[in-house]
Amino acid sequence: MSIAAAPVPERDPAVAERLTSLWETPKNIVAWLATVDHKKLGKRYIVTGFVFLFLGGVEALLLRVQLSRPENQFLPPEAFNQLFTMHGTTMMFLFLQPVLSGFSFFCTPLLIGSRELAFPRLNAFSYYVFLLAGIFMYLSFFWAAAPDAGWFAYTPLSGPRFDAGVNIDFYALGLLFLGIATTAGAINVIVTVLKMRAPGMSISRMPLFLWSSMTMSFAVVFSMPALNAALVLLELERRWHFPFYDPRLGGSPLLWQHLFWVFGHPWVYILFLPATGMLSMIFPVFSRRPIVGHTWVALATVATGFVGFGVWVHHMFATGLPQLSMSFFSAASMIVSIPSAIQIFAWIATMWYGRVWFTTSMLFAIGFIVQFVIGGMSGVFSAAVPADWQVTDTYFVVAHIHYVFAGSSLFAVMAAIYYWFPKMYGRMLDERIGKLSFWTMFVGFNAAFFPMHILGFMGMPRRIYTFQPGLGFDTLNLIESVGAFVFTLGLVISLWNVIQSRAVGEAAPPNPWGASTLEWLAASPPEHYNFERLPIVASRDPLWDGQYTFGPAYDEGRLTVRTSVLDANLEKVIEMPEDDVWAVLLALALLAIPIGILWRWYGVAIAGVIVSLAMLARWLWPSHRRVLETEI
Amino acid sequence: MTATAMPDDRTLPPPPSSTADVGYWGMALFVATEATMFAMLVGSYLFLGTANPGWPPPGIERPKLILPPIMTAVLLLSSATMFWAEKGIKRGDRTQLRIGLSVTIVLGLGFLTIQGFEYADKLRKMKPWDHAYAASFYTITSFHALHVISGLLLLGYALLRALLGHFDGEQHLAVKNVGLYWHFVDAVWLVIFTTLYLSPRFY
C-alpha cells in the first residue's frame, strides 16, 4: 500500500472557483427544492428513510408492549392490525429500500469518478415522489384507516368484501405511487453505472458495491411491474368490482399471491444485495487487503439477482400447489444459498488473510455475518416443503424475516453509515459511542428476535394481537419486548452520535480509513463538482496501487464524461442539466392522482394527469443554456 | 496511462447521437419495465384461464375476428411509417420526418377509432364486472390503449419540435426515443392480439 506515492490532484483556485459557480446550489429555499445534486439528494433519501425507520420502530414498540404479557388490553385488535401492517410496509418500502438507494445515489458518482448521476433531475423527482408517497400512506392514520391486511395484503382479506374502508386503498395507491420513484431510481443507477464510469474503469475494475446496486436495480426494473399489476387489479376490484380475485366470478385469490411474490421475492434481494455490496467495500478496507475472490463475489451477486426471480412459490407452499411445482421452487430456494455463501466465505477469507481493524463499521459488518448466517439457515429450513408446512405463519417466519432484514440489511446500513459518514459530512463519528451502540443493538436484536424461533416451533401464530396465559408463551414474549427496547436504545445511541458528531465531531481528512476507491479521492465532504479534474483509473484499487491519473477539468459548463459499457473508453463529454424546480412540482401534480382516486374526486385525478403532462412537456423541452450542442 | 491519453474532444464538432446516448438507455430500460408490466397482465389472463372450466368461460363467446385484424394492420403500418420518418431524419431530411410523424399519428388515431367501435360491440355483450375473463380482457386492451395515447402524445411532441425546426441528421435523440416507444407499443399489440383474439381459436 503506498498512498503517499499516488498522484495527488493538482489544485487550481481559478478552476475550482469556476466549477463551484457552475455546480453550487445557492442557499435559499427555492434552490434547496430545485437542487439536483446527487450528494444532497442521496443524504435526503437516507435522512427521510431514517424518519420512516423511527415511525416503523415506534409501531414495532407498540406491538411489543401489547405482546409483552398475555391478554394485554393495551391495543385493540383493529389498531394492532393497522400497526403491524404499517410496520412491515414502512420497513420494506419506506425505510430499507430508500436508504439503500440513498447510498447508491450518494456514492455511485463518487465511486465511478463522475460528477453526477445519468439523470439528475429524475433523481430529484424520484426523491420527492418517495417522500410524498410515504406521507400519503401515513396520512391514513388521521382517518384511523391505516392499511390493515398485512404488508403483503392477501386477497380476499384485502378485497372489497372484507375490507370495505379506504385502508387498503391507501396501501395500493401509495405503493403504486412509490413504485414510480423506485423504478426511476433504478433506471438512473443502471445507466449511471454502465455509462458514466471513469475512463479506464472497465467492468472488471468496477467496485463491488456497484455490482450489487446495478443487480438490485435490474431486479427492480423487472419485478416492480408484478407489484404494480397486482395493485392495479386490486384497485380495479375494490373500486369498480372487476372480479380478478373473486372466485365466484372466475377470479382467483391465488393470482394475488403469485403476482405479489413474483415481485416480493426479488424484492427481498433488492433489500439484501445492496447491503452485501456495501459490506464488500467495508471488509477489504478494514482488513487492509483487497477482497478475496472479487470476480466470484461479483458473479455471486448477479447470480443471486437472477435466481431470486425463480423462488417466489416458496411463500406459497401451504396453498395446495402441485407437488412438482413445489419441488422445483424448493430446489431453487436452496440454490440461492450458494451465491450467498460465496459472499460470506469471501468476506471471512478477506479477514483471515488480512489484518483486521475493529472499527464500529467493521463490528456492524461482522454482526451482519453472524445474524445473516442464522437468518440464512432458517431460510434454508423454510425452503424445505415439510419444514415450511410446520412453521408457516408462525413466529418462526417472523424470526427469519427479521434476521435477514433487521439483523442483516439494517446492520449493513449501520456499517455503511459509520463508514461513509466522514465523506458525507466531513466529520468523524465517535468510535466509543459507536461501539456502545453496536453492542447494545447486537444484544437487543438477538434478545428480541431469537426467541421467536422457539415460539414458532411452539406454534405461536404470527399477527395475533394477544395470547392466553399458560401456553408457555409468556416469558419468551416478555424477553422479546425487553429486547426490542434495548435494540431501539442502541439505535438512539447512534442517532445521538450522528447529531453530536455532525456538530462538533473531529474533522475528517479526505481518506480517513485509507480506503482504495475513488470516493476517498474527493474532499470530505466532496466539493459541489466532486472532482476538480476527472479521474482516470487503471486498477481495481486505484488509491492503493496508485494506478490513476487525472483528465481535463471540463469547466465550461456542467460537464462530465460518458464512457463505453464494458471497457469504459471515453465516448463523449456530456452536459448535465441545471437545478430545476419542475421535479418537485411534477411530483406534487402526480400526487393529485392517488388522492383523487382515493376520495373518489375523479376530477382532481384527471386534473392531476393533465397538469402532469403539461409539466412533463415543459421538462422534456430542450433548455437553451447549453454550451455543447449535444444530447437533444 | 497518462492524462494525455484523454483526447480533448471539446474542440471537435459534436459527435452524432448514437444509440449509446444515456437518454436512449433510459428509454430502453423504461420500455423493458413496461414490457414486463404487460407480461404480468397477459400472464394473469392466462393464469385465470387455468382456474376456469373454459377460457373464455362458458356463456361468453370467443372474440370475433373482424375489426382486430384491421387494427393490427393499421398499427403495423404505423410502425413502418415511423421507421420511414426516422430514416428521413438520419439523412437530415426534416420534411420526411414531418410527413412520417404526421402519417404515424393519423394511423394511431385510426387504431383508437376502430378500437372504439370494437369496444362498443363488446360492451353490449359483456361488462368488465361480469366475469374475471371480461375484466382481464378490458384491462389489458385499455391498458394498451393508454399506451397508444401516450405514444401519440410523444409523437405530437416530436412533430411539434420538428415543425419548429429542431433535429438534424446528427441530433435527433428525441425522435429515436419516441420511435422506440412507438415500436414497443406496436409489438405489444401483436402479443395481445395473439393471446386475446387468436389463441382462443386453438383450444
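Since we're looking at a predicted model, the values are computed, not measured.

Description of the overall build of chain A
Within chain A, the regular secondary structure consists of 19 helices and four strands. The C-alpha radius of gyration computed for chain A amounts to 24 Å, which stays within 12% of the reference 26 Å derived for 632 residues, consistent with globular compactness. Overall, chain A is about 75 × 60 × 50 Å in size when its C-alpha atoms are taken along their principal axes. Looking at chain A residue by residue over its 632 residues, the buried ones come to 57%.

Topic: the confidence of the model for chain B
Residues and elements named next belong to chain B. Chain-level pLDDT for chain B is 90 on average; 90% of the residues reach the 70-or-more range. Contacts of residues 1-14 to residues separated by more than four positions or lying in other chains number 20 contacts, the stretch itself having pLDDT below 50. With pTM at 0.94, the complex prediction returns an ipTM value of 0.94.

So, the nonpolar core
Of all hydrophobic cores here, the largest spans 248 residues; its most connected members are A230, I282 and A415 of chain A. Setting aside residues no more than four positions away along its own chain, A230 of chain A makes contact with W256, L259, F260 and F263 of chain A.

Regarding the interface of chain A and chain B
With 49 residues of chain A at the contact, the number on the chain B side is 41 residues. Put simply, the parts of the chain that give the side of chain A that touches chain B at least two residues each are α6 (167-195), α7 (208-240), α8 (253-287), β2 (548-550), β4 (570-575) and α19 (602-620) of chain A. No other element matches α7 of chain A, which puts ten residues into the side of chain A that touches chain B. Here the residues of the side of chain A that touches chain B sort into 32 nonpolar, eleven polar and six charged.

What about unusual backbone geometry?
Excluding glycine, residues mostly have negative phi values, and the peptide bonds linking residues are mostly trans. Residues and elements named next belong to chain A. With an omega of 0°, the peptide bond running from T155 to P156 counts as cis. The topology assignment puts P156 in the loop between α5 (120-139) and α6. For A153, which is not glycine, the phi dihedral falls at a positive 40°. In this structure, A153 sits in the loop between α5 and α6. The class for A153 is buried, based on 25 C-beta atoms found within 10 Å. Phi angles above zero are rare outside glycine, and H241 is one such case at about 60°. Considering the arrangement of structural elements, one finds H241 in the loop between α7 and α8. Take H241: there are 15 C-beta atoms within 10 Å of it, and that puts it in the partly exposed class.

Quick look at the pairing of β4 of chain A
The two faces of the sheet receive side chains in turn, since in a regular strand these alternate between them. Residues and elements named next belong to chain A. Inspection of the sheet shows strand β3 (residues 559-563) paired to β4 by five bridges, in the antiparallel sense. For L559, the partnering residue across the bridge sits in β4 and is E575. Counting the residues that bridge the hairpin from β3 to β4 gives six residues, and of these A568 lies at a positive phi of roughly 55°.

Digging into the environment of K127 of chain B
With respect to the secondary-structure elements, K127 of chain B resides in the loop between α3 (94-125) and α4 (132-163). Linking K127 of chain B and Y138 of chain B, residues eleven residues apart in sequence, is a C-alpha distance of 8.7 Å.

Examining the packing of helix α14 (residues 395-425) of chain A against helix α15 (residues 431-457) of chain A
Residue and element names in this part refer to chain A. Relative orientation of the contacting elements α14 and α15 amounts to 165°, with a least axis distance of 7 Å. Of the possible angle classes, the one that applies to α14 and α15 is roughly antiparallel. As for how α14 packs across α15, the hand of that crossing is left-handed. Taking contact as the criterion, the partners of Y395, F396, V397, V398, A399, H402, Y403, A406, G407 and Y418 in α14 are, on α15, G434, F445, F449, M452, H453, L455, G456 and F457.

Focus: the environment of L55 of chain A
All names here are of chain A. Mapped onto the elements, L55 comes out in helix α3 (residues 38-66). The exposure class of L55 is partly exposed, given the 19 C-beta atoms found within 10 Å. A C-alpha to C-alpha distance of 9.6 Å links L55 and F95, two positions 40 residues apart in sequence. In contact with L55, other than residues within four places in its own chain, are T90 and Y138.

The rules behind these values
- Each chain has its residues counted from 1, running along the sequence as written.
- Each chain gets a letter, beginning with A, and each ligand a number, beginning with 1, in the order they are written.
- Reporting of local features is limited, given that this is a predicted model, to residues whose pLDDT is at least 70; pairs of side-chain atoms are given and counted only at 80 or more, and all residues count toward the totals for whole chains, interfaces and linings.
- Think of it this way: any DSSP run of H or I at least four residues long counts as a helix, any run of E at least two long counts as a strand, and we number them from the N terminus.
- Taken over C-alpha atoms, the radius of gyration is set against a globule rule of 2.2 Å times the number of residues to the power 0.38.
- To assign burial, the other C-beta atoms lying within 10 Å of each residue's own C-beta are counted, with C-beta atoms placed from the backbone; 20 or more indicates buried, 12 or fewer indicates exposed, and intermediate counts indicate partly exposed.
- How sure the predictor is of each residue is captured by pLDDT, a score from 0 to 100.
- For the purpose of contact definition, each residue receives a C-beta atom placed from its backbone, and two residues are in contact when these atoms lie within 7 Å.
- The term nonpolar core refers to a group of buried residues, namely Ala, Val, Leu, Ile, Met, Phe, Trp, Tyr and Cys, whose C-beta atoms join them within 7 Å.
- Charged residues are taken to be Asp, Glu, Lys and Arg, nonpolar residues to be Ala, Val, Leu, Ile, Met, Phe, Trp, Tyr, Cys and Pro, and polar residues to be all remaining types, Gly included.
- In this scheme, strands are said to pair when DSSP sees at least two bridges between them.
- An axis is simply a line fitted to the C-alpha atoms; with a helix, the fit covers only the stretch in contact. Between two such axes, the angle follows the N-to-C directions and lies from 0 to 180 degrees.
- Roughly parallel covers angles under 35 degrees, roughly antiparallel covers those over 145, roughly perpendicular covers 65 to 115, and oblique covers all other angles.
- Should the near helix be turned counterclockwise from the far one by less than a right angle, the crossing is left-handed, whereas a clockwise turn marks it as right-handed.

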